[in-house]
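Here is how the chains run, residue by residue.
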Amino acid sequence: MKKIFSIFMVITATAAVAKSQGTGNITSAEVLKVVGQVFDGMRAADSTMVRSAFAKDAELYTIFTDKEGNPVLHKGSLVNFLNAVGSPHDVVWDEPIWDTEVRIDGNLAQVWTKYAFYAGDKFSHCGVDAFHLFKTLEGWKIFHLTDTRQWQDCEVPEEIKDNHNNN
């Protein structure tokens, strides 16, 4: 059921992108495929799959508000992210997305999407993922990823909540 729902979400996002651009531009689908590869790799705990979506020197950042109410910009590490993904965990890490927008200009693409992160069926946090991709000779690669994180007041679509509560 999770896999069917994930495929449905990617198809829905692709259709929304094509509609918003007024075209069925295959480039948007190619960009979304790379982003989807990150989430598929996370679910499979496959750091090699995730790694192949990123450029060699990709940068990762997280933006959140600390306990004192201060805004924080935290620079992450691709190596640490890959180690976390590839380390054994008792539950599946799932990050369903929605309200996805893709913008492309030549060899630059940006994907902006809302997400919710689940460890198994347990909700952890939500926010926005902002991916920047570069079209290399081998295809699209993520060179920059910034996410925001909220632990409360998340407006996760009911179908996503239901998918995680019915497993």
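Up top is the structure.
Structure report, in brief.

Once that is clear, we can look at the overall build of the protein chain. Scanning the protein chain from N- to C-terminus turns up five helices and seven strands. What you see in the protein chain, going N to C, is helices and strands ordered as α-α-α-β-β-α-β-β-β-β-β-α. Relative to its 167 residues, the protein chain shows a buried fraction of 39%. Taking the intrachain contacts of the protein chain between residues at least 6 apart in sequence as the baseline, contacts between residues at least 24 apart amount to 53%. Of the accessible surface of the protein chain, which amounts to about 9,800 Å², a share of 55% is contributed by carbon and sulfur atoms.

With that out of the way, let us pick up the pattern of salt bridges. Evaluated as defined, the whole model comprises seven salt bridges. Note that Arg103 and Glu101 form a salt bridge whose closest N and O atoms lie 3.9 Å from each other. In this structure Arg103 comes out as exposed when scored by relative accessible area, which is 58%. Bridged by salt links that share partners, the residues Asp40, Arg43 and Asp94 form one connected network.

Moving on to the nonpolar core. Within the largest apolar cluster, 27 residues are counted, with the highest numbers of intra-cluster contacts made by Val31, Val38, Phe54, Val111, Phe131, Leu133 and Ile142. Among the elements of the structure, helix 2 (26-44), strand 1 (54-65), helix 4 (78-86), strand 4 (97-105), strand 5 (108-119), strand 6 (122-136) and strand 7 (139-148) are those that each provide at least two residues to this core. The element contributing the most residues to this core is helix 2, with seven residues. Beyond its immediate chain neighbours, meaning those up to four positions away, Val31 contacts Val102, Ile104, Ala109, Val111, Leu133 and Trp140.

For the structure on display, the rule yields five aromatic pairs. Taking the centre distance of 6.0 Å and the plane angle of 65° together, the rings of Trp93 and Phe117 count as edge-to-face. With Trp93 in strand 3 (residues 93-94) and Phe117 in strand 5, this residue pair connects regions lying 24 residues apart in the sequence. Assessed through its relative accessible area of 12%, Phe117 is described here as buried.

A word on the side chain of Asp147. With respect to the helices, strands and loops of the structure, Asp147 is situated in strand 7. At 2.8 Å, the side chain of Asp147 and the side chain of Arg149 are in polar contact.

A separate point is helix 4. In an α-helix, one turn spans 3.6 residues, which is why side chains three or four residues apart end up on the same side. Residues of helix 4 that are buried include every one of Leu78, Leu82 and Val85, and no others. Looking down the long axis of helix 4, one finds its buried residues gathered within 60° of arc, a one-sided arrangement. In helix 4, those exposed residues whose orientation departs by more than 90 degrees from the buried face are Val79 and Asn80. Among the residues of helix 4, the N-terminal cap falls to Ser77, whose side-chain oxygen and the backbone nitrogen of Val79 are separated by 3.2 Å.

Taken together, Leu108, Phe134 and Phe143 make up a surface patch of nonpolar side chains, about 270 Å² in accessible area. By the element assignment, Leu108 lies in strand 5.

A few words now on helix 5 (residues 158-165). For helix 5, every residue scored as buried is listed here: Ile160, Asn163 and His164. Each buried residue of helix 5 sits inside an arc of 90° when the element is viewed along its axis, so together they form one side.

What counts and how
- Residues numbered from 1 in each chain as written.
- Predicted model: local features only at pLDDT ≥ 70, side-chain atom pairs only at ≥ 80, totals over all residues.
- Heavy atoms only, no water.
- Helix = DSSP H or I, 4+ residues; strand = E, 2+ residues; numbered from the N terminus.
- Buried < 20%, exposed > 50% of the residue type's maximum accessible area, 1.4 Å probe, protein only.
- Contact = heavy atoms within 4.5 Å.
- Areas by Shrake-Rupley, 256 points an atom, 1.4 Å probe, with all protein chains shown as cover.
- Salt bridge = Lys/Arg side-chain N within 4 Å of Asp/Glu carboxyl O.
- Core = buried A, V, L, I, M, F, W, Y, C linked by side-chain atoms within 4.5 Å.
- Phe/Tyr/Trp six-rings, centres within 6.5 Å; stacked < 30°, edge-to-face > 60°.
- Polar contact = N/O pair within 3.5 Å; in protein donor to acceptor, adjacent residues only side chain to side chain.
- Arc of directions from axis to C-beta.
- Patch = residues over 30% accessible without salt bridge, like charges linked within 9 Å, V, L, I, M, F, W, Y side chains within 5 Å.

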